[in-house]
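Architecture at a glance
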Amino acid sequence: MSDLRDLYQELILDHNNRPRNKGRIEGADRVAKGHNPLCGDHVTVYVKLKDGVVEDVTFEGSGCAISTASASLMTESLRGKTLEEAKALFAKFHGLVTGEVAENGQGSGLGKLEVFSNVCQYPARVKCATLAWHTIRAALEDKDEPVVTTE
Amino acid sequence: MVERYSSNRSNGEGLSVERLREDFPILRQQVHGRPLVYLDNAATTQKPQAVIDALIRYYTEDNANIHRGVHALSVRATRLYESARRTISAFLGACEPEEIVFVRGATEGVNLVAQSWARPRLARGDEILITGMEHHSNIVPWQIICRQTGAVLRVAPIDDHGALVVDEYERMLSPRTKVVALAHVSNALGTINPVQSLIRSAHSFGAVVLVDGAQAVPHQAVDVAGLDCDFYVFSSHKVYGPTGVGALYGRRSLLEQMEPYQGGGEMIRSVTFEETTYNDIPYRFEAGTPNISGAIGLGAAIEYLKAVGMDWIAAHETDLLAYATESLKRIEPLRIIGTAPDKAAVISFVLPRIHAHDVGTVLDRAGVAVRTGHHCAQPIMDRFGVPATTRASFALYNTRADVDALVAGLEEVLKVFG
């Protein structure tokens, strides 16, 4: 069972148990909802922008440990990022969890998000890790349609 | 001819689950370095060698299109296909093989009845009554019919144990009720409905009753004549047969009134550009080249079940359900969803603050395959206020050791997330 710890690393379990930035932003500039019909997970993200920079970002919803920790760490990572930087981070993170980029995090710029590098070994769980990210991308692109992802 | 494809088991005497397991080659493997414990049988069952052999032999020796060719292979394939229909007919207690229509599965069976029987006959204000434990396949086709005809979909409630509230069901029946569609056994809760009395009540108001038997046929003897149902559907892949095929039982008098569901191929007797004469039942509903190998494989699966014996299977699974229920109750924070007094060997459960998908991943690493999610029955999840459950569902080849492996896996879950 030791390999399970590669997926459920302490940082992930910590963010699952104590998710950061959970709640709503009243008067948010951008709001998007995401839903994974395969597992019933749902997430809503709220973004406050200032001069093209993500000033504040929060989330609400329910999901598994991977999706909750992913949403929590995502909010920490995106604060202070420009829209372009946020989109670039989405692409890098997506590449990481789908196994499309090298797992070695040296210089990847993903920081704490590297903790998800083993998700690609669990194909059934990739959608859990990316739900919040697909949702934030929709929010940043200001799409009205709810995000439905089965990855 | 069917003897060639039948199980070589002569009867259920002296059978043990250990011997039966030898019939299922897929069970001999390891997953993530652990022996496979397959507890996702409500989703699909594994296939015995007799079924695998039937498919191989059909494609090796007999493959041809049916009902048209005059050559030997076509005659053989036709005979095998129709033999499978007779096997199913006898197994379900239908009056005659013509009352068995081959479909893609239980879902298509429901859709066929909805479109072919209900759609031309229902009008605004008519009612379709289903239960609160239906899975999507027995909800959505009726929602479509309601949109098409102006009929109203009504839902008989279930109680906190996941049992149908029969008094409420009876109260909801009225002369406006044209169709009652209900599960024989719930896939998400395991609840066994008292279908015989429910059908009797529905008939007293003149309603036509469709029973979704997808989760019943693998576990208990079913007798459609005894139940007096009008339609009964089930899927091959849940009864140890191949995917992509299933059967619809329909009362002859009703099938004969029904227009074809799809056009083309075998459903036609003669065609001119002005007029088409439809074939007799059941061919009227089997447009195009059907799933011939699938039907033959299903016939072989039913022969296998008969050889094991439905009584043996029911007794074995009842024992497993009792053992599993007691074992899981000892896991302190675990809550079983669906505790109806009359249950099939399906246990849905939740662990507080641990999502079903995390449970499923840890169990998978222990070699234990379970289903996690809403089981295509989202209204049931809403009823019990949970986003998803973990579901362990049992089959004839499962053992008490499988239950022990599940329990050990759950203890690991609690260790990881505790």
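Let us look at the pattern of salt bridges. In the structure shown here, the tally under the stated rule is 28 salt bridges over all chains. The partner of Asp 358 of chain B in a salt bridge is Arg 125 of chain A, and the shortest N-O contact between them spans 2.8 Å. Remark: Arg 125 of chain A occurs in the loop between helix H4 (83-98) and helix H5 (126-140) and Asp 358 of chain B occurs in helix H12 (residues 356-365); the pair is interchain, linking two chains. Taken individually, Asp 358 of chain B and Arg 125 of chain A each receive the classification buried, so the pair is uniform in this respect. When salt bridges that share partners are traced, they join Asp 14, Arg 18 and Arg 20 of chain A into one network.

Once that is clear, we can look at the interface of chain A and chain B. The interface is formed by 19 residues belonging to chain A together with 17 residues belonging to chain B. For the pair chain A and chain B, the summed buried surface comes to about 1500 Å²; carbon and sulfur atoms form 57% of the total. Here chain A and chain B share two salt bridges between them. For the pair chain A and chain B, the interface holds seven residue pairs in polar contact (both at pLDDT 80 or more). Here the element with the most residues in the side of chain A that touches chain B is helix H1 (residues 4-7) of chain A; it accounts for three residues. Of the residues assigned to the side of chain A that touches chain B, the class counts are 12 nonpolar, three polar and four charged.

What follows covers the confidence of the model for chain B. Residues of chain B with pLDDT of at least 70 account for 97%, and the chain-wide mean is 94. Across the assembled chains, the prediction reports ipTM 0.86 with pTM 0.92.

This part is about the packing of helix H2 (residues 10-17) of chain A against helix H3 (residues 65-78) of chain A. Residue and element names in this part refer to chain A. Look at H2 against H3: their axes get within 8 Å of each other, and the N-to-C directions meet at 90°. Between H2 and H3, the angle falls in the class roughly perpendicular. Between H2 and H3, the residues in contact are Leu 11, Ile 12, His 15 and Asn 16 and Ala 65, Ile 66, Thr 68, Ala 69, Ser 72, Leu 73 and Glu 76, respectively. Its residues assigned to classes, the contact of H2 with H3 comprises six nonpolar, four polar and one charged.

Grouped together as the largest cluster of nonpolar side chains are 82 residues, with contacts concentrated most on Ile 88, Leu 92, Tyr 169, Val 180, Tyr 232, Phe 234 and Leu 396 of chain B. At 10 residues, helix H10 (residues 292-308) of chain B tops the list of elements feeding residues into this core. In this view, Ile 88 of chain B contacts Ile 100, Phe 102, Phe 234, Ala 247, Leu 298 and Ile 302 of chain B; residues no more than four positions away in its chain are not counted. Formed by 72 residues, the second largest nonpolar core is a distinct cluster that contains Leu 73 and Ala 139 of chain A together with Leu 363 and Ala 392 of chain B.

The rules behind these values
- Residues numbered from 1 in each chain as written.
- Chains lettered and ligands numbered in written order.
- Predicted model: local features only at pLDDT ≥ 70, side-chain atom pairs only at ≥ 80, totals over all residues.
- Heavy atoms only, no water.
- Salt bridge = Lys/Arg side-chain N within 4 Å of Asp/Glu carboxyl O.
- Helix = DSSP H or I, 4+ residues; strand = E, 2+ residues; numbered from the N terminus.
- Buried < 20%, exposed > 50% of the residue type's maximum accessible area, 1.4 Å probe, protein only.
- Contact = heavy atoms within 4.5 Å.
- Buried area = accessible area lost by both parts, 1.4 Å probe.
- Polar contact = N/O pair within 3.5 Å; in protein donor to acceptor, adjacent residues only side chain to side chain.
- Nonpolar A, V, L, I, M, F, W, Y, C, P; charged D, E, K, R; others polar.
- pLDDT = per-residue confidence, 0-100.
- Axes fitted to C-alpha atoms, helices over the stretch in contact; angles between N-to-C directions.
- Parallel < 35°, antiparallel > 145°, perpendicular 65-115°, else oblique.
- Core = buried A, V, L, I, M, F, W, Y, C linked by side-chain atoms within 4.5 Å.

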